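Results of the structural survey
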Amino acid sequence: MSDRFLTVALCKGRLSRLAMELFSNAGISLNVLDESRKLIFQDTENKLQFFLAKAPDVTTFVEYGAADIGIVGEDMILEEKRRVHEVLDLGFGRCRMCVCGPESARQLLTSGHSIRVASKYPEIARAYFRDEKKQDAMIIKLNGSVELGPIVKLSDVIVDIVETGGTLKENGLTVLEEICKISARVIVNPVSMQMESDRIRQILKRIREILG
Ligand code: PRP
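Treat the numbers as computed from the prediction; the structure is a model and nothing was measured.

**Describing helix α1 (residues 14-25)**
For α1, the set of buried residues is L15, S16, A19, M20, L22 and F23. Around the axis of α1, the buried residues are gathered within 155° of arc, so they sit on the same side. Exposed positions of α1 whose direction lies more than 90 degrees from the buried face are R14 and R17. Looking at the buried residues of α1, the elements they touch are β1 (6-11), α2 (31-35), β3 (48-53), β4 (69-73), β11 (184-188) and α10 (197-211). In the stretch just after α1, G27 is the one whose phi turns positive, near 85°.

Here it is in structure tokens:
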């Protein structure tokens, strides 16, 4: 086995627990990342090191080769458009990318008029309104609590991920259109894919076995 540690970037937030569960099933406990302020964990036996980063940054770390492997939602892959290889659909972290808003905004989506869209995913929102709907849209970038957009009249609708639908319901909003389905993916740096292909293939094989 090569002496180099392979680095795995996991994203913070809703996917981190599921990703940690996956590695725990492979006999690698990452609890220290969850329970302390320690940012990086080394598994010397398997020559692997793991860190948690914000979801958009996981794709950045992998593109630049600072992480060989990343586990991240497909939403971030579509949004960030980084030069990484997407190699495996993990099948968990399932949700939908949707246009959401109050029921009263539904007619705006067919009116052909310009529409204001708030989103944590400006690139996905822009591409959807430009290429799919061919509707003029002003895209307003937010970093969280996007549902506030239509409530405080910052925007007419939002483009966001919907998992249980609970947040929409609690805020009087609904799904108006579905853009695409999303799940967690494994991404790999293109150079690592070539230089460390055996070890990466082994890791992917083990993950596939665990997922069944
Ligand atoms: C995400 C998303 C929605 C919510 C959807 O936000 O932006 O707000 O989860 O999940 P649900 O359908 O199960 O309610 P997140 O919790 O990541 O927090 P944020 O708003 O601070 O980005």
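Having seen the structure, we can now continue with the description.
**Observations regarding the sheet that holds strand β9 (residues 157-162)**
Taking strand neighbours across the sheet as the criterion, the five strands line up as β8-β7-β9-β6-β10 in an open arrangement whose pairing is mixed. The outermost strands of the open sheet, each flanked by one partner alone, are β8 (137-141) and β10 (174-182). Put simply, the sheet's adjacent strands are angled 25° from each other on average, direction ignored. As paired strands, strand β7 (residues 115-119) and β8 are joined by five bridges and run parallel to one another.

**A few points about the domain arrangement of the protein chain**
Here the domain parsing of the protein chain yields domain 1 (6-93 + 183-211) and domain 2 (95-181). Here the C-alpha centre of domain 2 lies 29 Å away from the C-alpha centre of domain 1. Each partner contributes residues to the interface: domain 1 has seven residues there, and domain 2 has 10 residues. For the pairing of domain 1 and domain 2, the buried interface totals around 740 Å² over both sides, and the portion due to carbon and sulfur atoms is 53%. Taken as a group, R14, D75 and E79 account for 63% of the area that domain 1 buries against domain 2, more than any other trio of residues on that side. On the surface where domain 1 and domain 2 come into contact, there are one salt bridge. Along the contact surface separating domain 1 from domain 2 lie five residue pairs in polar contact (both at pLDDT 80 or more). The element best represented in the side of domain 1 that touches domain 2 is helix α4 (residues 74-80), accounting for five residues.

**Thoughts on the packing of aromatic side chains**
Within this structure, the stated rule accounts for three aromatic pairs. Taking the centre distance of 4.9 Å and the plane angle of 70° together, the rings of F23 and F50 count as edge-to-face. Here F50 lies in strand β3 and F23 lies in helix α1, a separation of 27 residues in the sequence. The pair formed by F23 and F50 is uniform in burial state, with each residue classed as buried. Here the aromatic rings of Y128 and F129 are separated by 5.6 Å at their centres, their planes lie at 85°, and the arrangement is edge-to-face.

Parameters and conventions
Residues numbered from 1 in each chain as written. Predicted model: local features only at pLDDT ≥ 70, side-chain atom pairs only at ≥ 80, totals over all residues. Heavy atoms only, no water. Buried < 20%, exposed > 50% of the residue type's maximum accessible area, 1.4 Å probe, protein only. Helix = DSSP H or I, 4+ residues; strand = E, 2+ residues; numbered from the N terminus. Arc of directions from axis to C-beta. Contact = heavy atoms within 4.5 Å. Pairing = 2+ DSSP bridges. Axes fitted to C-alpha atoms, helices over the stretch in contact; angles between N-to-C directions. Domains from an automatic or database assignment. Buried area = accessible area lost by both parts, 1.4 Å probe. Salt bridge = Lys/Arg side-chain N within 4 Å of Asp/Glu carboxyl O. Polar contact = N/O pair within 3.5 Å; in protein donor to acceptor, adjacent residues only side chain to side chain. Phe/Tyr/Trp six-rings, centres within 6.5 Å; stacked < 30°, edge-to-face > 60°.

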